[in-house]
Amino acid sequence: MTQDELKQKVAYAALKYVKDVPIIGVGTGSTVNHFINYLADIKADIEGAVSSSEGSTALLRKVGIPVFDLNAVGTIEVYVDGADEINPLKQLIKGGGGALTREKIIAAASKTFVCIADGSKCVDILGAFPLPVEVVPMARSFVAREMVKLGGQPVWRENFITDNHNHILDVHNLSIMEPIKLEQTINNITGVVAVGIFGMRPADVVLVSKGDEIVTL
């Protein structure tokens, strides 16, 4: 089974978590794109969605699902999103697609966060995947120097602007033993908009496709 087929399989498995949920939080990424395509089959039962990126918004509208602003909705019952890395505590690294800030906002506003991923995303320790940090453009070099002090090797994601008109630093060579502590430390650096560690708000449910099996964490 190819990685894309594994993504399709786990995306389909998430549908049971949004049954009878009128407004769904929807994340960003290749696995989520499959989930959105499956939502099209049940769109008659969905009032709409809150989206974490312009890309997901466009795809949702393409399949006929209305998209709402979070300010008009309030608390979301279920948020479905992918991850770049997942540890055994259901803490995540996210932001490979650059949507980490909006993903964090929707996750924080949701009662249940369902993470969907193929088995390659499961790790014992976070950090092999470069940690995305969204920064205000004028603070990019300053924040990069602070990342070096923390033991990381920051790389500016050139020619990429987030939906919030900011920059991304991808921080390499981190072994994140204490995700919550590092998340708080980076959050406190002036100029940081958001860091892609989901430690303080981890996933509630993680669905992982491993071969023909869907494993629930």
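Keep in mind the model is a prediction, meaning the values are calculated, not measured.

Visitor: Help me understand the overall build of the chain, please; the structure alone is not making it clear to me.
Guide: What the chain contains, in helices and strands, is six helices and 13 strands. Computed over the C-alpha atoms, the radius of gyration of the chain is 17 Å, within 12% of the 17 Å expected from 2.2 N^0.38 for a compact globule of 217 residues. Each of the 217 residues in the chain was classed as buried or not, and the buried ones make up 51%. The long-range share in the chain, meaning contacts at least 24 apart out of those at least 6 apart in sequence, stands at 72%.

Visitor: Help me understand helix α5 (residues 140-149) in this model?
Guide: An α-helix turns once every 3.6 residues. As a result, residues three or four positions apart point the same way. Here α5 has its buried residues at Arg140, Val143, Ala144, Glu146 and Met147. Looking down the long axis of α5, one finds its buried residues gathered within 160° of arc, a one-sided arrangement. For α5, exposure combined with an orientation more than 90 degrees from the buried face picks out Arg145, Val148 and Lys149. Contacts made by the buried residues of α5 are with β7 (131-135), β8 (153-156), β9 (167-172), α6 (179-187) and β10 (192-195). In the segment just after α5, Gly151 is the residue with positive phi, at about 95°.

Visitor: Help me understand the packing of aromatic side chains in this model?
Guide: Each aromatic ring pair is summarised here by two numbers: the centre-to-centre distance and the angle between the ring planes. Taken as a whole, this structure holds three aromatic pairs when the rule is applied. With 5.2 Å between their ring centres and 75° between their planes, Tyr12 and Tyr38 make a pair best called edge-to-face. With a gap of 26 residues between them, Tyr12 in helix α1 (residues 3-13) and Tyr38 in helix α2 (residues 30-39) connect regions that are remote in the sequence. Residue Tyr38 is classed as partly exposed on the basis of its relative accessible area of 22%. Centroid distance Tyr79 to Phe113: 5.1 Å. Interplanar angle 35°. Geometry classified as tilted. A residue pair is termed long-range when its members are at least 10 positions apart, and Tyr79 in strand β3 (residues 76-81) and Phe113 in strand β6 (residues 110-118) qualify at 34 residues. When sorted by exposure, Tyr79 lands in the same class as Phe113, which is buried. Every member of this aromatic cluster is reached through a ring pair, and the members are Tyr79, Phe113 and Phe198. Residue placement shows Lys104 over the ring face of Phe198; its charged tip is 5.5 Å from the ring centre. Here Arg157 stacks its cationic end above the ring of Phe160, 5.2 Å away from the centre of that ring.

Visitor: Quick question: what am I supposed to make of the sheet that holds strand β11 (residues 197-198) here?
Guide: Paired through their backbone hydrogen bonds, the strands of a sheet run either parallel or antiparallel. Strand order in the open sheet formed by three strands is β4-β5-β11, with antiparallel pairing between adjacent strands. The two strands at the open ends of the sheet, each matched to only one other strand, are β4 (85-86) and β11. Across two bridges, the pairing between strand β5 (residues 92-93) and β11 is antiparallel. The residue of β11 that forms the bridge with Ile93 is Ile197.

Visitor: I'm lost on the pairing of strand β12 (residues 205-210) in this one. Help?
Guide: Remark: a regular strand shows side chains that alternate across the two faces of the sheet. Of all six residues in β12, five are buried, a share of seventy percent or more. The pairing of β6 with β12 spans five bridges and is classified as parallel. If you follow Val114 over to β12, its bridge partner there is Val205. In terms of strand pairing, β12 meets strand β13 (residues 213-216) through four bridges, oriented antiparallel. Residue pairing in the sheet places Leu207 in a bridge with Thr216 of β13.

Visitor: What is the right way to look at the environment of Val193 in this model?
Guide: By the secondary structure assignment, Val193 is in strand β10. For Val193, a relative accessible area of 34% translates into the label partly exposed. For the pair Val193 and Leu207, spaced 14 residues apart in sequence, the C-alpha to C-alpha distance is 28 Å. Every residue in contact with Val193, bar those within four places of it in the chain, is listed here: Thr101, Glu134, Val135, Val136 and Asn166.

Cut-offs used in this document
- Residues numbered from 1 in each chain as written.
- Predicted model: local features only at pLDDT ≥ 70, side-chain atom pairs only at ≥ 80, totals over all residues.
- Heavy atoms only, no water.
- Helix = DSSP H or I, 4+ residues; strand = E, 2+ residues; numbered from the N terminus.
- Rg over C-alpha atoms; globule rule 2.2 N^0.38 Å.
- Buried < 20%, exposed > 50% of the residue type's maximum accessible area, 1.4 Å probe, protein only.
- Contact = heavy atoms within 4.5 Å.
- Arc of directions from axis to C-beta.
- Phe/Tyr/Trp six-rings, centres within 6.5 Å; stacked < 30°, edge-to-face > 60°.
- Lys NZ or Arg CZ within 6 Å of the ring centre and 35° of its normal.
- Pairing = 2+ DSSP bridges.

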